[in-house]
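Chains, contacts and geometry: an overview
Now for the letters of each chain:
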Amino acid sequence: MRYETWEALRQDCPLREGVWDQERLKEYLIQSCNVRFARPLEAFFAKHREDEALADLLFDFLLCDDYDGSDCQIGAAQVIRELDQALLRKKRALVLRAQENAVFWKRPFRPEEDLSWL
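Report on the accompanying structure.

Remarks on the overall build of the chain
Helix and strand counts for the chain come out as seven helices and two strands. Counting helices and strands in the order they occur from the N terminus, the chain gives α-β-β-α-α-α-α-α-α. Computed over the C-alpha atoms, the radius of gyration of the chain is 14 Å, within 12% of the 13 Å expected from 2.2 N^0.38 for a compact globule of 118 residues. Projected onto its principal axes, the C-alpha coordinates of the chain cover approximately 40 × 30 × 25 Å. Each of the 118 residues in the chain was classed as buried or not, and the buried ones make up 39%.

Spelled out as structure tokens, the structure:
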């Protein structure tokens, strides 16, 4: 799918009636790598920083080999980075697994960042 405007992309919102649509979320994550949509999508995801179902889907994208090299993994790592710390503490094992990845852009946090809060 290609979108010319934020309004067009917003019509395919991945959250409907409190349920996340995985395919639409994948598209939002891919489009978050597009400069044109980065800010509106950052604002969208900021509203869902404490959503555990979203976190689970993000880690599914990030850690699944089926998406290896996809922009959805880059987007997932970026969104995970901004999730609520209390939520990330609940997902500690997944965060640490992601941080061990040899591919730097698959790591939500930079190596020099202090993760003692985790």
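So that's the structure; there's more coming.
Observations concerning the packing of aromatic side chains
With the rule as written, the count across this model stands at seven aromatic pairs. Between Trp 6 and Tyr 28, the ring centres sit 6.1 Å apart and the planes meet at 55°, which makes this aromatic pair tilted. Of the two residues, Trp 6 sits in helix H1 (residues 6-10) while Tyr 28 sits in helix H2 (residues 22-31), which places them 22 residues apart along the sequence. Residue Tyr 28 is classed as buried on the basis of its relative accessible area, which comes to 1%. On the basis of an interplanar angle of 70° and a centroid distance of 5.2 Å, the ring pair of Tyr 28 and Phe 44 is categorised as edge-to-face. Placement of the pair is Tyr 28 in helix H2 and Phe 44 in helix H3 (residues 35-46), with a sequence separation of 16 residues. Taken individually, Tyr 28 and Phe 44 each receive the classification buried, so the pair is uniform in this respect. Three or more aromatic residues joined by ring pairs form one cluster here, namely Trp 6, Trp 20, Tyr 28, Phe 44 and Phe 45.

Observations regarding the nonpolar core
A general feature of soluble globular proteins is that nonpolar side chains tend to end up buried together. In terms of nonpolar packing, the biggest core is built from 33 residues, with Leu 25, Tyr 28, Leu 29, Phe 45, Leu 58 and Leu 88 touching the most fellow members. Here this core takes eight residues from helix H4 (residues 52-63), the largest share from any one element. In this structure Leu 25 touches Pro 14, Trp 20, Phe 45, Leu 54, Leu 57 and Phe 61, once residues within four positions along its chain are discounted.

A word on the packing of H4 against helix H5 (residues 71-81)
With their axes 8 Å apart at the nearest point, H4 and H5 run at an angle of 135° to one another. Classified by the interaxial angle, the pair formed by H4 and H5 is oblique. The hand of the H4/H5 crossing is left-handed. Judged by residue contacts, Leu 58, Phe 59, Phe 61 and Leu 62 of H4 engage Cys 72, Gln 73, Ala 76, Ala 77, Val 79 and Ile 80 from H5. Of the residues assigned to the contact of H4 with H5, the class counts are nine nonpolar, one polar and no charged.

About the thresholds
Residues numbered from 1 in each chain as written. Predicted model: local features only at pLDDT ≥ 70, side-chain atom pairs only at ≥ 80, totals over all residues. Heavy atoms only, no water. Helix = DSSP H or I, 4+ residues; strand = E, 2+ residues; numbered from the N terminus. Rg over C-alpha atoms; globule rule 2.2 N^0.38 Å. Buried < 20%, exposed > 50% of the residue type's maximum accessible area, 1.4 Å probe, protein only. Phe/Tyr/Trp six-rings, centres within 6.5 Å; stacked < 30°, edge-to-face > 60°. Core = buried A, V, L, I, M, F, W, Y, C linked by side-chain atoms within 4.5 Å. Contact = heavy atoms within 4.5 Å. Axes fitted to C-alpha atoms, helices over the stretch in contact; angles between N-to-C directions. Parallel < 35°, antiparallel > 145°, perpendicular 65-115°, else oblique. Left-handed = near helix turned anticlockwise from the far one by under 90°. Nonpolar A, V, L, I, M, F, W, Y, C, P; charged D, E, K, R; others polar.

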